[in-house]
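So the chains spell out like this:
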Amino acid sequence: MAHLLLVEDDELLRDGLCAQLMHAGHTVDAAGDGAQAQALLESRRLDGVVLDLGLPPVQGVPMDGFAVLRWIRQRLPHLPVLILTARDDIDDRVQGLNAGADDYLTKPFDMAELLARLGAMLRRSRMPAFGGSLQTEGTPAHRLRLDAQLPMAWLGDEAMELTHREWSLLTLLVKQLGQVVGREEVLAVWQTQAPEGGAAGGGSNALEVYVHRLRRKLQDSGLNIRNVRGLGYMLELQAP
Amino acid sequence: MTGLNTAAGFSLKRQLLWWLLVPQLVLWLMGGVLAFRVALIYAEKAIDQSLTQSVRALARQVKPIGSGLLVDFPKAAQAVLEQDPKDRLAYTVSSPPGSFLLGNSNLPGPAGAGVLQPDDVPVLYEISLDGKPMRVASLELSFGDAPTEQRMRVQVAKSLAVQEAIAQELVRDVLFPLLLLGAVLGVLMHAGIRRGLAPLERLEAQLANRNAASLSPIELTQAPQEVHSLALALNQLLTTLRRSMSQEKRFLNDAAHQLRTPLAGLISQTELALTEAEPQALHERLTKVHKSAQRSAHLVNQLLSLARTEADVALVPIDVASLAREVAREWTPRALAAGIDLGFEGEDHLQAPADRVLLREALNNLIDNALRYCPRGASVTLRVRATGDSQCVLEVEDEGPGVQDADLPHLFERFWRASELPGGCGLGLAIVAEIAQRHGGSVQAHTRAPHGLVVRVVLPLG
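Let us look at the structure shown here. (Residues numbered from 1 in each chain as written. Chains lettered and ligands numbered in written order. Predicted model: local features only at pLDDT ≥ 70, side-chain atom pairs only at ≥ 80, totals over all residues.)

Some thoughts on the overall build of chain B
Part 1 of the argument: Each helix and strand in chain B was counted, giving eight helices and 14 strands.
Part 2 of the argument: For chain B, the residues scored as buried account for 25% of the 462 residues in total. (Helix = DSSP H or I, 4+ residues; strand = E, 2+ residues; numbered from the N terminus. Buried ≥ 20, exposed ≤ 12 C-beta atoms within 10 Å, placed from the backbone.)

Dropping the structure here:
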């Protein structure tokens, strides 16, 4: 799926994480300190980094995760970085995100949580790489593909007919596949768009109508828009 | 505490002594100068008086006879005038004034000589004779009859060294006892200050040998009012500190015990796993190891989160309804995976003063708890609403097994667990209660019919 660099000084954790990331389908390079990480960052084409903040000094020179993160940001500004730390002070979190980390996870963590965060982070970072287009996984016939520049959506080989509102709703759902998109988030995007005839207004009732229409258009695609009680909508891949 | 110690070296005793003794010394010096001045004036008056008497007495001895003068100056009178060899009286009789007639020295006339001196009124002035300052009394008289009237001048002078000697004597007689008195007063003051500040020193001695372990109240007997109230305030602080320290200690003991249990389980399970040859049994052991490790991790996370609630909170108005939906959305994938319908009901927006991080933590714990104990197919509902009395209610209702009514009061105690279901550590709801308190709010729990639990956090709206 993705080529990742794992930087973690604790051998036991590095070994375990490495195996689990590989098990999840990623290619993994592992480094035990900042110098090894730099060497790998220079020689490999990577999709993302999982970086521990508490790294040991290299030949007596302190080089913690923050230093590595700054180094990465100078050379590879778009490389997504998820930081791991045993300290969960708010200050640390803020400092990490300010230094350019894309996400943050505190030890000890669930492997499922790490994989989910990593997946979301990689999805976000891929969007520009695909020239503003998105696609879901699945068999070619069921694959949903969006191109933000046209803008056009295809289900398999067939182009979908979508109104502006349906398009922006679908984009939001696909971007956050497997996560809940809040009603207010959709309505806020609609606010910026010209009003559409047909379904009245832009309120919650209108949203129901659009979701219903979109759901029909995605019938038999293996994708389902789930209504999450009081919270919003979630696009999910149905188990085949 | 270092901020309070920046004025180190400042001594109350030294300050008091300084403020009492320096003004006293200044007053004493001023008094000395004043006394010297006053003594000089009185000595001058005394000299003037004796000079006036002398000059009149001498004048009486000079009698005009016809156009001449007869000086009746008996030896005895001369002896009186010239009595003190060191402080000899100088006298001159001249007629007309200025032309020496009789005397033991030729004294100059008063300043502005030539100006007519009034008759029979002694004029007093100072001169310098042979480099010594002298006080002179000068008396002019007319004698003879109208056509042949003549004038004579009688002068008597005395050295001013006498005046200074008198003044010095006076000053000595007055100031020496005063100085002695001052010294005695100083000693008394020093002793008094020491005595007055002794309770402070005793307080210091009592506090100096203390550490975090000895927080018993200070014993102060016979302390003055000010020190007594200081000691009372300190004792109050010590009591609060002792209580919170013993709570911390108990908590730390509990925490260590709670952590020790899953670790012991981990060790025993891994030991067993290492000797296991059969793959199926090995897998079972490892599953237990995994559960135990997860439990330890959860416990550590909860302990840290509890520690965080004890830091200072900054309450700022936030939209708690949006925050609640945000938290619920994050939990949705996990709820769906567990087959639980997690939903939200209530306000779209509700502003309340809160600490975003802590409130998120509280909501996380409430939802985590509900999901943990609910079976598949159950519903968990997060609600946010405002009450009539400007309070904000955040509640999580689940359709889990609930707890016995008798257990409800214990629900928010640390390390108390309603069920032996794995995964929980008995801190989640204690954290929620702590966070509610930090927001000036409260937390309640009640059972739901037919089964389930509602945990309600009530926060003030402003």
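There is more to say, and it comes next.
Brief notes about the overall build of chain A
Part 1 of the argument: The number of helices and strands found in chain A is eight helices and twelve strands.
Part 2 of the argument: When the 240 residues of chain A are sorted by exposure, 25% land in the buried category.

Some remarks on the nonpolar core
Part 1 of the argument: Counting residues in hydrophobic clusters, the biggest one holds 67 residues, and the most contacted among them are Val320, Ala324, Ala362, Ile367, Val380 and Val432 of chain B.
Part 2 of the argument: A per-element tally of this core places helix H7 (residues 356-373) of chain B first, with nine residues.
Part 3 of the argument: Apart from the residues within four sequence positions on either side, Val432 of chain B is in contact with Ala362, Asn365, Leu366, Val443, Val455 and Val457 of chain B.
Part 4 of the argument: Counting residues in each nonpolar core, the second largest holds 24 residues, with Leu6, Leu41, Leu69 and Ile72 of chain A among its members. (Core = buried A, V, L, I, M, F, W, Y, C linked by C-beta atoms within 7 Å. Contact = placed C-beta atoms within 7 Å.)

Brief notes about the pairing of strand E2 (residues 27-31) of chain A
Residues and elements named next belong to chain A.
Part 1 of the argument: Note: strand E1 (residues 3-7) against E2, five bridges, orientation parallel. Its bridge partner being in E2, Val7 is matched across the sheet by Ala31.
Part 2 of the argument: Handedness of the E1-helix H1 (residues 11-23)-E2 crossover: right-handed. (Pairing = 2+ DSSP bridges. Right-handed = clockwise from strand over helix to strand, strands pointing away.)

Some remarks on the sheet that holds strand E3 (residues 90-94) of chain B
Residue and element names in this part refer to chain B.
Part 1 of the argument: Spatial strand order, E4-E3-E7-E6-E5: five strands in an open sheet with antiparallel pairing. Every interior strand has two partners, whereas the edge strands, strand E4 (100-103) and strand E5 (123-129), have only one. The mean inter-strand angle of the sheet, taken between neighbouring strand axes irrespective of direction, is 25°.
Part 2 of the argument: Note: E3 against E4, three bridges, orientation antiparallel. Each residue of the ladder has a partner; that of Ser94, found in E4, is Phe100. (Axes fitted to C-alpha atoms, helices over the stretch in contact; angles between N-to-C directions.)

Side note on the interface of chain B and chain A
Part 1 of the argument: On the side of chain A, 13 residues touch chain B, which itself brings 13 residues to the contact.
Part 2 of the argument: Listed by contribution, the elements that provide at least two residues to the side of chain B that touches chain A are helix H5 (279-309), helix H6 (320-337) and strand E9 (341-346) of chain B.
Part 3 of the argument: Looking at side-chain class alone, the side of chain B that touches chain A contains seven nonpolar, two polar and four charged residues. (Nonpolar A, V, L, I, M, F, W, Y, C, P; charged D, E, K, R; others polar.)

A few points about the packing of helix H4 (residues 225-275) of chain B against H5 of chain B
Residue and element names in this part refer to chain B.
Part 1 of the argument: Between H4 and H5, the shortest axis-to-axis distance is 9 Å and the interhelical angle comes to 160°. By the angle between their axes, H4 is roughly antiparallel relative to H5. Handedness of the crossing formed by H4 with H5: left-handed. Counting all contacts with H4, which are made through Ala255, Gln258, Leu259, Pro262, Leu263, Gly265, Leu266, Gln269, Thr270, Leu272 and Ala273, the residues of H5 involved are Leu282, Arg285, Leu286, Lys288, Val289, Ser292, Ala293, Arg295, Ser296, Leu299 and Leu303.
Part 2 of the argument: Residue classes in the contact of H4 with H5 are distributed as 13 nonpolar, six polar and three charged. (Parallel < 35°, antiparallel > 145°, perpendicular 65-115°, else oblique. Left-handed = near helix turned anticlockwise from the far one by under 90°.)

Regarding the packing of helix H1 (residues 12-61) of chain B against helix H3 (residues 161-208) of chain B
Residues and elements named next belong to chain B.
Part 1 of the argument: One way to put it is that H1 packs onto H3 with a least axis distance of 9 Å and a crossing angle of 165°. Looking at the two axes, H1 sits roughly antiparallel to H3. The two elements H1 and H3 cross, and the hand of that crossing is right-handed.

Some remarks on the sheet that holds strand E4 (residues 81-85) of chain A
Residues and elements named next belong to chain A.
Part 1 of the argument: Reading across from one edge, E2-E1-E3-E4-E5 is the order of the five strands in this open sheet, with parallel pairing throughout. Each edge of the open sheet carries a strand with a single partner, namely E2 and strand E5 (103-106). Along the sheet, successive strands turn relative to each other by an average axial angle of 20°, direction set aside.
Part 2 of the argument: Bridge count for strand E3 (residues 48-52) against E4 is four bridges, and the pairing is parallel. Residue pairing across strands places Val50 opposite Leu82, the latter belonging to E4.
Part 3 of the argument: Lying on the sheet, helix H3 (residues 65-75) is in contact with E1, E3 and E4; it crosses E3 at an angle near 155°.

Comments concerning H3 of chain A
All names here are of chain A.
Part 1 of the argument: Those residues of H3 lying buried are Gly65, Val68, Leu69 and Ile72. An end-on view of H3 places all buried positions within 100° of arc, on one side of the element. When the buried face of H3 is taken as reference, the exposed residues oriented beyond 90 degrees from it are Arg70 and Gln74.
Part 2 of the argument: Its buried side turned inward, H3 meets E1, helix H2 (34-43), E3 and E4. (Arc of directions from axis to C-beta.)

Focus: the pairing of strand E12 (residues 391-398) of chain B
Residue and element names in this part refer to chain B.
Part 1 of the argument: Here E12 lies mainly inside the structure; six of its eight residues are buried.
Part 2 of the argument: Pairing analysis gives seven bridges linking strand E11 (residues 379-386) to E12, with the strands arranged antiparallel. Considered in E12, the bridge of Thr381 is made with Glu397.
Part 3 of the argument: Hairpin remark: E11 followed by E12, antiparallel, with four residues in the connecting loop; positive phi at Ser390, about 45°.
Part 4 of the argument: In this structure, E12 lies alongside strand E14 (residues 453-460), joined through eight bridges in antiparallel fashion. Looking at E14, one finds that Leu394 is bridged to Val457.

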